[in-house]
Amino acid sequence: AQTIHQWPVAEIKAVGSPLSLGCTIKGKSSPNLYWYWQATGGTLQQLFYSITVGQVESVVQLNLSASRPKDDQFILSTEKLLLSHSGFYLCAWSLGGTGVYEQYFGPGTRLTVL
Amino acid sequence: GDQVEQSPSALSLHEGTDSALRCNFTTTMRSVQWFRQNSRGSLISLFYLASGTKENGRLKSAFDSKERRYSTLHIRDAQLEDSGTYFCAADMDSNYQLIWGSGTKLIIKP
């Protein structure tokens, strides 16, 4: 069975500080991977997707970047946090290949920027 | 403009009643997925449809196969554990992006 893990569970960070959020998927090789952001009480906004190691495409940047250093790992980061980065970050995976398949989500990371 | 219109935005029901949520799309979609988000933020996939209908227990979802411009989620005999926020998300083409509805906050009362 596939499992998806996100870390950390929650973070409180200062404006201007760096950030790194992680996501790993076990039990599935070559998945498509996705990062989403959700404002409190809002809907989801897709940020990035990756269909293969080393390749990441941006949907909406929001002064964030993403990398996929390994097949099962997806990293979201920034060197300088903004207040507007606060929210809930969700990682998701789907079957690999062309197109959109059923997506499965991790437990999320709640980020508060002060 | 918004490509997915989800309704209602909020719904409060008593246990045992039935309800229907709907997503209208401004353009033809290839597939639709329905999720429930609980109070901790966990997003659970309920259905993924490329066409037709699917049923799982008290939940049933349909995706208009002809025009592909709306989808529904029916909840039968609502239970307390059905409370949460329901989202639909659809894809237009193969650009690896889902377009999300604004969500329906469902509260089930005893």
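Use the structure listed above.
As a convention, each chain's residues are numbered from 1 in the sequence order in which they are written. Both sets of labels track the order of writing: A upward for chains, 1 upward for ligands. The predicted nature of this model means local features are confined to residues of pLDDT at least 70 and side-chain atom pairs, given and counted, to a pLDDT of 80 or more, with totals for whole chains, interfaces and linings taken over all residues. Processing note: side-chain calculations cover all non-hydrogen atoms of the structure and skip hydrogens and water entirely.

A closer look at the sheet that holds strand β8 (residues 73-78) of chain A
Neighbouring strands of a sheet are bound in pairs by backbone hydrogen bonds; such pairs are parallel or else antiparallel.
Residues and elements named next belong to chain A.
Logical step 1: Ordered in space as β1-β3-β8-β7, the four strands form an open sheet in which the pairing is antiparallel. Of all strands in the sheet, those bounded by a partner on one side alone are β1 (3-7) and β7 (65-70). For this sheet the average axis-to-axis angle between neighbouring strands, irrespective of direction, equals 20°.
Logical step 2: Between any two strands, at least two bridges found by DSSP are needed for them to pair. Where helices and strands are cited, they refer to DSSP runs of H or I of at least four residues and of E of at least two residues respectively, numbered from the N terminus. Relative to strand β3 (residues 19-26), β1 is paired through five bridges, and the arrangement is antiparallel. Within the sheet, the bridge partner assigned to Ile-4 lies in β3 and is Ile-25. Axis definition: a line fit to C-alpha positions, over the contact stretch in the case of helices; interaxial angles, taken between N-to-C directions, run 0 to 180 degrees.

A closer look at the interface of chain A and chain B
Logical step 1: Two residues qualify as a contact provided that any one of their heavy atoms is within 4.5 Å of a heavy atom in the partner residue. At the junction of the two partners, chain A supplies 22 residues and chain B supplies 21 residues.
Logical step 2: A buried area of about 1700 Å², summed over both sides, lies between chain A and chain B, and 57% of it is on carbon and sulfur atoms.
Logical step 3: Any Lys or Arg side-chain nitrogen found within 4 Å of a carboxyl oxygen on Asp or Glu counts as a salt bridge. At the boundary of chain A with chain B, the tally comes to zero salt bridges.
Logical step 4: N or O atoms within 3.5 Å of each other form a polar contact, as long as, within protein, one can give a hydrogen and the other can take it, and as long as residues adjacent in sequence are counted only when both atoms are side-chain atoms. The interface formed by chain A and chain B includes six residue pairs in polar contact (both at pLDDT 80 or more).
Logical step 5: Listed by contribution, the elements that provide at least two residues to the side of chain A that touches chain B are β4 (32-38), β5 (44-52) and β9 (87-94) of chain A.
Logical step 6: Gly counts as polar in this scheme, as do all residues outside two lists: the nonpolar Ala, Val, Leu, Ile, Met, Phe, Trp, Tyr, Cys and Pro, and the charged Asp, Glu, Lys and Arg. Classifying every residue of the side of chain A that touches chain B gives eleven nonpolar, nine polar and two charged. Here's the idea: put two parts together, see how much 1.4 Å probe accessible area each one loses, and the total over both is what we call buried area.

What about the environment of A:Tyr49?
Logical step 1: Examined against the element boundaries, A:Tyr49 turns out to sit in strand β5.
Logical step 2: On the basis of relative accessible area, A:Tyr49 is assigned to the buried category, the value being 13%.
Logical step 3: Expressed as a C-alpha distance, the spacing of A:Tyr49 and A:Thr98, which sit 49 residues apart in the sequence, is 12 Å.
Logical step 4: Discounting chain neighbours no more than four positions away, the residues touching A:Tyr49 are A:Leu33, A:Tyr34, A:Gln55, A:Val56, A:Glu57, A:Val59, A:Phe74, B:Asn95 and B:Tyr96. Residue exposure (1.4 Å probe, protein chains only): buried if accessible area is under 20% of the type maximum, exposed if over 50%, otherwise partly exposed.

Some details on the pattern of salt bridges
Residue and element names in this part refer to chain A.
Logical step 1: Evaluation of the coordinates by the stated rule reveals four salt bridges over all chains.
Logical step 2: Among the ionic pairs, Asp-72 bridges to Lys-26, the shortest N-O distance being 2.6 Å. Linking Asp-72 in the loop between β7 and β8 with Lys-26 in strand β3, this pair joins segments that are 46 residues apart in sequence.
Logical step 3: For Asp-72, a relative accessible area of 19% corresponds to the buried category.

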